[in-house]
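# Overview (structure and organization)
So the chains spell out like this:
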Amino acid sequence: MENEKFEYWFANIKGITARRKKELREKITSIKEFYYMNKNERKKYIGEEIENCLRRSIENWEIEEQYVLLKEKNVQFIPFFHPEYPSMLNDLENPPYAIYVKGKPIRKDTLKVAIVGARKCSPYGESMAIQFSERLAENGIDIISGMARGVDGAGQRGALNVDGCSYGVLGCGVDICYPREHIGLYEDLQKKGGILSEQPIGMAPLARNFPARNRIISALADVIIVIEAKEKSGSLITADIALEMGKDVYALPGPVNSELSKGCNLLIRQGAGILLSPQDLLDELRISTKEDVKKKLKSKISLETEENMVYSCLDLYPKNVNQLTIETKMEIPQLINQLVSLEMQGYIREISKNYYVKSN
């Protein structure tokens, strides 16, 4: 506990990036000793600018008081080297140094689907979010979202309706329920899943925190589904990050004259899968039982990142090498290597010269 208190202090130093903190932490044997070092001793680890950040933190941060408050609020502090830290976050270009959790830490042995969409969704969008999440959760899939108004909250409530597991990723401290009207959902998620954030306790829901929150949702989920979204929305940020990470993205089509469907229709035009029904999605994911979920999870774990990127761009409709180079942004020799590897493992098939599909 004593060491964790100092780890918590180090994670919350302002003015030092998460990447730099991680580099420093990997060089330091004891954070407690580092805290009490004098300036000259610390010079072998850091420069003047970082030393100034440390000094300000030590002078202005009540370490004991803050740590006691963390424990009183039943918040778990999980730095990057902790066994409960979600390994999926390491695939991000800028992973969080630490996360804070109320409830249960992210489960590592389950598939996860993010359900995201408009805050001011239509009744149709809300109904679809609930239907998809209920069916997925019934099949042992965890639902990830941002606990926001509209689609996010509806999707998470759907999972809880069938006694499923769901996790809310916040753009504020986990000790703050935002939006406030979701207090019931906030409490229920902690019983059947968890609430998590990279923001420290007490951090208000500032607008600048939400794009960063969206990248965590993308990283945690194996599949992202967008229910309703305007042409410029946070949901599309989540989907774009997921695509860059080689993940499957699906979108719910809607009327071409609907503002709430423009984002989804755009994603579909760019190659996202089309959501027609919960059963169609399960069929496309080749899931009919909870055992299928476990098999798919094992398949996902066995693939390398670049293989995952190529695999996620394929479906049951043939795509040629030129199209795949555009979608994956890989050079042709690099792409061919991944295609050969996937074919040898039985994940894909070449049905004609340079045209590939996922295996049945």
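Because the structure is a prediction, the values reported are computed rather than measured. (Residues numbered from 1 in each chain as written. Predicted model: local features only at pLDDT ≥ 70, side-chain atom pairs only at ≥ 80, totals over all residues. Heavy atoms only, no water.)

### Concerning the overall build of the protein chain
This is how it is decided: Segments assigned H or I by DSSP are reported as helices when at least four residues long, segments assigned E as strands when at least two residues long, and all are numbered from the N terminus. Taken over C-alpha atoms, the radius of gyration is set against a globule rule of 2.2 Å times the number of residues to the power 0.38. With a 1.4 Å probe rolled over the protein chains alone, any residue whose accessible area is under 20% of its type maximum counts as buried; one over 50% counts as exposed, and the rest are partly exposed. Working rule for contacts: check all heavy atoms of both residues, and any pair within 4.5 Å makes them a contact. Each accessible area value is a Shrake-Rupley result obtained with a 1.4 Å probe; residue values ignore everything except the protein chains displayed when judging cover. A residue counts as positive if it is Lys or Arg and as negative if it is Asp or Glu; His and the chain ends are not included. Working definition for charges: the position is that of NZ of Lys, CZ of Arg, CG of Asp or CD of Glu.
Along the backbone of the protein chain there are 17 helices and 12 strands. The globule rule puts the C-alpha radius of gyration for 360 residues at 21 Å, and the 22 Å found for the protein chain is close to it. When the 360 residues of the protein chain are sorted by exposure, 53% land in the buried category. Taking the intrachain contacts of the protein chain between residues at least 6 apart in sequence as the baseline, contacts between residues at least 24 apart amount to 70%. For the protein chain, the accessible surface area stands at approximately 17,300 Å², while carbon and sulfur atoms represent 50% of it. Charged side chains of the protein chain number 50 positive and 50 negative; the gap between the two group centres comes to 2 Å.

### Details of the packing of aromatic side chains
The following threshold applies: Any Phe, Tyr or Trp ring, taking Trp's six-membered ring, that has another such ring centre within 6.5 Å forms a pair; planes under 30 degrees apart are called stacked, those over 60 apart edge-to-face, and the others tilted. In our convention, an over-ring charge means Lys NZ or Arg CZ found within 6 Å of a ring centre and within 35 degrees of that ring's normal.
Going through the model one piece at a time under the given rule, you end up with 15 aromatic pairs. Here the aromatic rings of Phe6 and Tyr35 are separated by 5.1 Å at their centres, their planes lie at 65 degrees, and the arrangement is edge-to-face. Residue Phe6 is found in helix H1 (residues 2-11), and its partner Tyr35 is found in helix H3 (residues 31-36); the two are separated by 29 residues along the sequence. Considered together, Phe6 and Tyr35 belong to a single accessibility category, that of buried residues. Plain terms: the ring middles of Tyr178 and Phe210 are 6.1 Å apart, the flat faces sit at 50 degrees to each other, and that makes the pair tilted. Taken together, the residues Tyr178 in the loop between strand S5 (166-169) and helix H9 (183-192) and Phe210 in helix H10 (residues 209-220) connect sequence positions 32 residues apart. Ring-pair connections join several aromatic residues into one group, and the members of that group are Phe6, Trp9, Phe10, Phe34, Tyr35, Tyr36, Phe80, Phe81 and Tyr97. The positively charged end of Arg119 is found above the aromatic ring belonging to Phe210, 5.9 Å away from the centroid. One Lys or Arg, Lys358, reaches over the ring of Tyr311 and ends 4.5 Å from the middle of that ring.

### Some words on helix H2 (residues 18-25)
Put simply, the rule reads: Arc definition: it is the arc formed by the directions from the helix axis to the C-beta atoms.
When H2 is considered as a whole, its buried residues turn out to be Lys21, Leu24 and Arg25. One face of H2 carries all of its buried residues, which in axial projection span an arc of 95 degrees. Contacts made by the buried residues of H2 are with H1, H3 and helix H5 (48-60).

### Structural notes on the pattern of salt bridges
Rule in force here: Between Lys or Arg on one side and Asp or Glu on the other, a salt bridge is scored when a side-chain nitrogen of the former is within 4 Å of a carboxyl oxygen of the latter.
Within this structure, the stated rule accounts for 14 salt bridges. We note a salt bridge from Glu23 to Arg20, for which the minimum N-O separation is 3.5 Å. With Glu23 and Arg20 both in helix H2 and 3 residues apart, the pair spans about one turn of that helix. Among the residues examined, Glu23 registers a relative accessible area of 37% and is labelled partly exposed. A network of salt bridges, in which partner residues are shared, links Arg157, Asp188 and Lys191.

### Considerations on the side chain of Arg215
Condition: Polar contact is the term for a pair of N or O atoms within 3.5 Å; when the atoms are in protein, one must be able to donate a hydrogen and the other to accept it, and sequence-neighboring residues count only if both atoms are side-chain atoms.
Among the secondary structure elements, Arg215 is positioned in helix H10. A distance of 2.8 Å separates a polar side-chain atom of Arg215 from the backbone oxygen of Asn94. Side-chain polar atoms of Arg215 contact the side chain of Glu198, separated by 2.6 Å. Setting aside its immediate chain neighbours within four residues, Arg215 contacts Leu92, Asn94, Pro95, Pro96, Glu198 and Ile241.

### Considering H5
Stated precisely, the cut-off is as follows: By this rule, a helix spans an expected 1.5 Å times one less than how many residues it contains.
Taking 1.5 Å per residue, 13 residues should reach 18 Å; H5 reaches 18 Å between its end C-alpha atoms and fits that length. For H5, the full list of buried residues reads Ile50, Glu51, Cys53, Leu54, Ser57 and Ile58. Along H5, the residues classed as buried sweep out an arc of 160 degrees about the axis, all on the same side. Structural note: H5 exposes Glu49, Glu59 and Asn60 on the side pointing more than 90 degrees away from its buried face. Turning to H5, the residues buried within the fold contact H1, H2, H3 and helix H4 (39-42).

### Regarding the packing of helix H8 (residues 151-161) against H9
Put simply, the rule is: A fitted line through C-alpha atoms serves as each axis, taken over the contacting stretch for helices, and the angle formed by two N-to-C directions is quoted from 0 to 180°. Should an angle fall under 35 degrees it is called roughly parallel, over 145 degrees roughly antiparallel, and 65 to 115 degrees roughly perpendicular, with every other angle called oblique. Whether a crossing is left-handed or right-handed is set by the direction in which the near helix is turned from the far one by less than a right angle, anticlockwise for left-handed and clockwise for right-handed.
It is the contact of H8 with H9, at a shortest axis distance of 11 Å, that shows an interaxial angle of 45 degrees. By the angle between their axes, H8 is oblique relative to H9. Where H8 crosses over H9, the two elements pack in a sense that is left-handed. Note on element contacts: H9 touches H8 through Gly184, Leu185, Asp188, Leu189 and Lys192, opposite Gly153, Gln156, Arg157 and Leu160.

### Side note on the sheet that holds strand S9 (residues 273-274)
Selection rule: Here, strands pair whenever DSSP counts at least two bridges between them.
Within the open sheet, the 9 strands sit side by side as S1-S2-S6-S5-S4-S3-S7-S8-S9. Their pairing is mixed. Each having just a single partner strand, strand S1 (76-79) and S9 make up the two edges of the open sheet. The pairing of strand S4 (residues 142-145) with S5 spans 3 bridges and is parallel. Its bridge partner being in S5, Ile143 is matched across the sheet by Ser166. Sheet contacts for H1: S1 and strand S2 (98-103); angle to S1, the most-contacted strand, approximately 70 degrees.

### Quick word on unusual backbone geometry
Going from Tyr178 to Pro179, the amide bond is cis rather than trans, its omega being 0 degrees. Along the polypeptide, Pro179 turns up in the loop between S5 and H9. One non-glycine residue with positive phi stands out, namely Asn74, at about 55 degrees. Counting through the fold element by element, Asn74 comes out in the loop between helix H6 (63-72) and S1. Non-glycine residue Asn354 carries a positive phi angle of around 65 degrees. Its place among the elements puts Asn354 in the loop between strand S11 (348-352) and strand S12 (355-358).

As far as function goes, none of this settles anything; it's purely spatial.
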